[in-house]
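Analysis of the macromolecular model
Chain residues, written in single-letter form:
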Amino acid sequence: MSRAIAHPNIALVKYWGKAETASNIPAVPSLSVTLDTFISETEVTAAKTDSVVLDGRVATDSKITDFLATVRAKHELPPLRIDSRNNFPTAAGLASSASGFAALVLALNAEFDLGWDDVAIADWARIGSGSAPRSLFGPMAQINGPDWIAKPVDATAMPELAVVVAITSKTRKTTSSSAGMAASKSTSPYFEPWVATAEADMNAARQAIAAGNFDALATVAEHSCMKMHALMLSTRPSLRYWNPTTLACLDAASEMQQDGLRVFCTVDAGPQLKAICTEDVAGAVAARLESIDGVLDVHVLGLGPGARVVA
Ligand code: PMV
């Protein structure tokens, strides 16, 4: 048996759209923070037949089944049992597929001596889920061309950061990110400008992080997020991931910024609001978000380490 753990990550420069679907090459570079506290813990064992157990229940997950078929086209793998647990709500829009695949790839490599080096691990994680290789590293990671291999980002110049997650709905999303990305690419008039402007956002984010400039990072991260949602909204049929509470949280964050709090927001393919702030104001940000009607739960997290094999 081999077991690995990985933490979810939240993109500050967003990934939406694939250049190539077979090996899951993104159309745009992306950059993320890795969370602490929340973990996916994945155990892999040879068994009589294939089975997947998610949070204690036997599951059929087509992403995992397709992934194993792709691995088996290159490597001999016996039938196996995958047992994966999240210590955070799976339906909460916190990218459990990223941490799940990062942990799965490490556990498979350890258990079956696949001989994957760091580059192969990042490649296989990306084939599992586009954002998964970013969970291999902490506290920040990036993925960009031409190799599309995830790498750590040196965040030592930045002040201590916290991520406050406001849960605004516990309903599972109806459109998967892969289907949504394909639809945006084929129907939105904004897809081309989205791709054309992504590199500039990456450069601005990298410079801000290297200089320890929170405000510059906030500006580019909010812009990247809003551009991604403009792309989603302009997809046919429209991809609308926000609910009224998401918008109320965004308004509250703007007010906090006007009050001088170091905070900015990001939203992914779901209605949860993620507020990134300096650690000293995390309590104030959490209290403000908790006071909003429709906010169901608030989690205050720090930045965490990369994925690792634990047994
Ligand atoms: O890894 P996927 O296919 O679930 O895509 C993730 C897409 C976003 O979360 C919306 C953005 C990102 O960069 O994580």
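Being a predicted model, the structure only gives us computed values, none of them experimental. Residue numbers restart at each chain and count upward from 1, following the sequence in its written direction. Thresholds applied to this predicted model are a pLDDT of at least 70 for local features of residues and 80 or more for the giving and counting of side-chain atom pairs; totals over whole chains, interfaces and linings are not thresholded and use all residues. Based on all heavy atoms of the structure, the side-chain values leave hydrogens and waters out of the count.

1. Observations concerning the site of the ligand
So the rule is basically this: We call a residue near a molecule or strand whenever a single non-hydrogen atom of that residue lies within 4 Å of it. Any pair of nitrogen or oxygen atoms within 3.5 Å is treated as a polar contact; in protein, a donor-acceptor pairing is required on top of that, and neighbouring residues in sequence qualify only through side-chain atoms on both sides. Residue-level accessible areas treat just the shown protein chains as cover; the underlying method is Shrake-Rupley with a 1.4 Å probe. Gly is placed with the polar residues, together with every amino acid not listed as nonpolar (Ala, Val, Leu, Ile, Met, Phe, Trp, Tyr, Cys and Pro) or charged (Asp, Glu, Lys and Arg).
Taken together, the neighbourhood of the ligand is formed by 13 residues, with Tyr15, Ser129, Ser131, Arg134 and Ser177 sitting nearest. Contacts to the ligand include serine 177, whose side-chain N or O atom sits 2.9 Å from an oxygen atom. Within the complex, 93% of the 380 Å² of free accessible area of the ligand lies under protein. Here the residues of the shell around the ligand are counted per class, giving 6 nonpolar, 4 polar and 3 charged.

2. As for the domain arrangement of the protein chain
Many descriptions give the size of an interface as the accessible area lost when the pieces come together. Operational definition: Domain delimitation in this document rests on an assignment produced automatically or drawn from a domain database. Pairs of residues are marked as contacts when any of their non-hydrogen atoms sit within 4.5 Å. For helices the rule is a DSSP run of H or I covering at least 4 residues; for strands it is a run of E covering at least 2, with both sets numbered from the N terminus onward.
Considered domain by domain, the protein chain is made up of domain 1 (2-154) and domain 2 (161-302). Spacing between the C-alpha centres of domain 1 and domain 2 amounts to 22 Å. Taken together, the contact pairs 32 residues of domain 1 with 43 residues of domain 2. Those elements giving two or more residues to the side of domain 1 that touches domain 2 turn out to be strand E2 (9-13), strand E3 (18-20), strand E5 (30-34) and strand E10 (140-144). Class assignment of the residues belonging to the side of domain 1 that touches domain 2 gives a composition of 20 nonpolar, 8 polar and 4 charged.

3. Considering the packing of aromatic side chains
Quick note on the threshold: For Phe, Tyr and Trp, rings pair up if their centres lie within 6.5 Å, where Trp contributes its six-membered ring, and each pair is then called stacked (planes under 30 degrees apart), edge-to-face (over 60) or tilted (otherwise). The rule is simple: take the accessible area with a 1.4 Å probe, protein chains only, and divide by the maximum for that residue type; under 20% is buried, over 50% is exposed, in between is partly exposed.
Summed over all chains, the structure comprises 6 aromatic pairs. Consider the rings of phenylalanine 67 and phenylalanine 101, whose centres lie 5.3 Å apart with planes at 75°: the pair is edge-to-face. Within this pair, whereas phenylalanine 67 is found in helix H1 (residues 62-72), its partner phenylalanine 101 is found in helix H2 (residues 96-111), the two being separated by 34 residues in sequence. You can call phenylalanine 101 buried: its relative accessible area is 4%. A centroid spacing of 5.2 Å and a plane angle of 20° characterise the contact between tryptophan 116 and tryptophan 124, whose relative ring orientation is stacked. The exposure class assigned to tryptophan 124 is buried, which follows from its relative accessible area of 8%.

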